[in-house]
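The residues making up each chain are set out below.
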Amino acid sequence: MLTQRISQIKPSPTLAIDAKAKSMLAQGIDIVNFGIGEPDFETPENIKEAAIKAIRDGFTRYTPAGGVLALKEAIVEKFKRDNDLDYRPEEIIVSCGGKHALYNLFQVLFEKGDEVIVPSPYWVSYPPMVMLAEATPVIVPTPEANGFKLTPEVLRAHITPRTKGLILNSPSNPTGSVYTRSELAALAEVILDHKLFVVSDDIYEKILFDGLEFFNLAQLDPELKKLVFVLNGVSKTYAMTGWRIGYLAGDARVIKAVTNLQSQSTSNPCSIAQKAALEAINGPQDAVAAMVQEFAWRRDDILTRVARIPGLKCVKPGGAFYVFPNFSYYYNKIKPDGQGSYSDPLADFLLEEAHVALVAGIGFGEDACLRFSYATSRERIATGLARIEAALQKLG
Ligand SMILES: Cc1ncc(COP(=O)(O)O)c(C=O)c1O
């Protein structure tokens, strides 16, 4: 009954764990939810007001499929201001969230026979999205010792005549790793040699700690910029996950094709959310700074607590709001037969035993780890980590 294309697609594991945690909550169980990847802050008031005004002004009709010009112009300005990148409005499309923009881009850029390099650990949706374009995701493990970052040698070793693209995500979901300018420059040589298209997923651009500076590959050299598609959006930066606005910048021919696809499928992103996004990008940015400051505190706190638990190791994240500790010390205790995934049964055990929701690393391509999203209060972080420690102790 179902197509081959869709039969291979499983539901997003991050949304699945959240659904399970919420159903336990609904049964009255006190769950500490580290599962979901969304800021726990409210959308700032000025942004909400812009949306209310849009409704009152009757801005409630179809807009152009790829978004209104005023928003595209604000995005052009944002790229200039924040990244020193020059784009024209024809090189921008606004979609119903970053996920939608990526899905549409993959449909336009990749097809059967193409290979797309996906460094692992990766965001859960990249491989299925590549597969939905009938291309092949080539999963390239990156060493924990290198902060889970891709090196030029490893990249080169995985390129074949079929390789068409590479996906890079910095700061990363799930690891929080951030590429430096020189690390990107080293990758750039390989990318230019092989003329690979790059999808630069910058959705966590603003959530950076320790004074780290953000760079993407498009910024490095004009030749490279022609090959790079930059994905960004308002979900994470402005606590606007439910509003569903993401955007993409790159070669005008590709953006036009993405717009055609969008015009034949979803049409425009929500008109009201577009007005809200315009205010988010053009309006005051102080709420972002306050949120990042709080995330930095929580990251330090959670790292200290993780370090106290026997056997756990963790790469220090430079951005996003995730930590991705290595739990493999406990693996032969949770599953002595050594078969199949370990992180899945451990996540189940922690949910059942400790009432703490984490996402198993297997969904991100790294079975040794589990992901915490620390987009929850300081008090819940303390409770959750104490419960995990007690539950792991029971494993012995
Ligand atoms: C790495 C990464 N890229 C893109 C997205 C898409 O976000 P949205 O569709 O809310 O814009 C997410 C959301 O979880 C993400 O973690």
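Note that the structure is predicted; figures quoted are calculated from it, not measured.

## Observations regarding the side chain of threonine 241
By the secondary structure assignment, threonine 241 is in the loop between β7 (228–233) and β8 (246–249). Given a relative accessible area of 19%, threonine 241 falls into the buried group. Here the side chain of threonine 241 touches glutamate 38 through a polar contact of 2.5 Å, side chain to side chain. Setting aside residues up to four positions removed in sequence, threonine 241 forms contacts with Glu38, Pro39 and Ser235.

## Description of the site of the ligand
Neighbouring residues of the ligand: 13 residues in total, closest Gly98, Asp201, Ser235, Lys236 and Arg244. At 2.7 Å, a side-chain N or O of serine 235 approaches an oxygen atom of the ligand. Here an oxygen atom of the ligand sits 2.7 Å away from a polar atom, N or O, in the side chain of arginine 244. Across the complex, the protein chains shield 92% of the 390 Å² of accessible surface that the ligand would expose by itself. When the residues that make up the shell around the ligand are grouped by side-chain class, the tally is four nonpolar, five polar and four charged.

## Notes on the nonpolar core
In this structure, Phe106, Ile191, Leu217, Phe327 and Leu350 are the most contacted members of the largest nonpolar core, which totals 126 residues. Here this core takes seven residues from helix α12 (residues 286–308), the largest share from any one element. Each of domain 1 (4–42 + 287–395) and domain 2 (59–282) gives at least three residues to this core.

## Considerations on unusual backbone geometry
Here the amide bond leading from serine 170 into proline 171 is cis, since omega sits at -10°, within 30 degrees of zero. With respect to the helices and strands, proline 171 occurs in the loop between β5 (163–169) and α8 (181–194). For alanine 320, which is not glycine, the phi dihedral falls at a positive 60°. Here alanine 320 is to be found in the loop between α12 and β9 (322–323).

## Brief notes about the domain arrangement of the protein
Interface extent is often summarised as the accessible area lost during association of the parts. The assigned domain composition of the protein is domain 1 (4–42 + 287–395) and domain 2 (59–282). Using C-alpha coordinates to define each centre, domain 1 is positioned 26 Å away from domain 2. Contacts between the two partners involve 38 residues from domain 1 and, on the opposite side, 33 residues from domain 2. For the pairing of domain 1 and domain 2, the buried interface totals around 2,800 Å² over both sides, and the portion due to carbon and sulfur atoms is 64%. Of all residues in domain 1, Val315, Gly318 and Phe364 bury the most surface against domain 2, accounting for 19% of the area lost on that side. Here domain 1 is connected to domain 2 by one salt bridge. Arginine 299 serves as the salt-bridge partner of aspartate 210, at 2.9 Å between the closest nitrogen and oxygen. Across the contact surface, domain 1 and domain 2 share twelve residue pairs in polar contact (both at pLDDT 80 or more). If you list the elements that add at least two residues to the side of domain 1 that touches domain 2, you get α1 (4–7), α2 (13–26), α12 and β9. If one sorts the elements of the side of domain 1 that touches domain 2 by residue count, α12 sits on top with six residues. Class assignment for the residues of the side of domain 1 that touches domain 2 results in 22 nonpolar, nine polar and seven charged.

Procedures and definitions
- Residues numbered from 1 in each chain as written.
- Predicted model: local features only at pLDDT ≥ 70, side-chain atom pairs only at ≥ 80, totals over all residues.
- Heavy atoms only, no water.
- Helix = DSSP H or I, 4+ residues; strand = E, 2+ residues; numbered from the N terminus.
- Buried < 20%, exposed > 50% of the residue type's maximum accessible area, 1.4 Å probe, protein only.
- Polar contact = N/O pair within 3.5 Å; in protein donor to acceptor, adjacent residues only side chain to side chain.
- Contact = heavy atoms within 4.5 Å.
- Near = heavy atom within 4 Å.
- Areas by Shrake-Rupley, 256 points an atom, 1.4 Å probe, with all protein chains shown as cover.
- Nonpolar A, V, L, I, M, F, W, Y, C, P; charged D, E, K, R; others polar.
- Core = buried A, V, L, I, M, F, W, Y, C linked by side-chain atoms within 4.5 Å.
- Domains from an automatic or database assignment.
- Buried area = accessible area lost by both parts, 1.4 Å probe.
- Salt bridge = Lys/Arg side-chain N within 4 Å of Asp/Glu carboxyl O.

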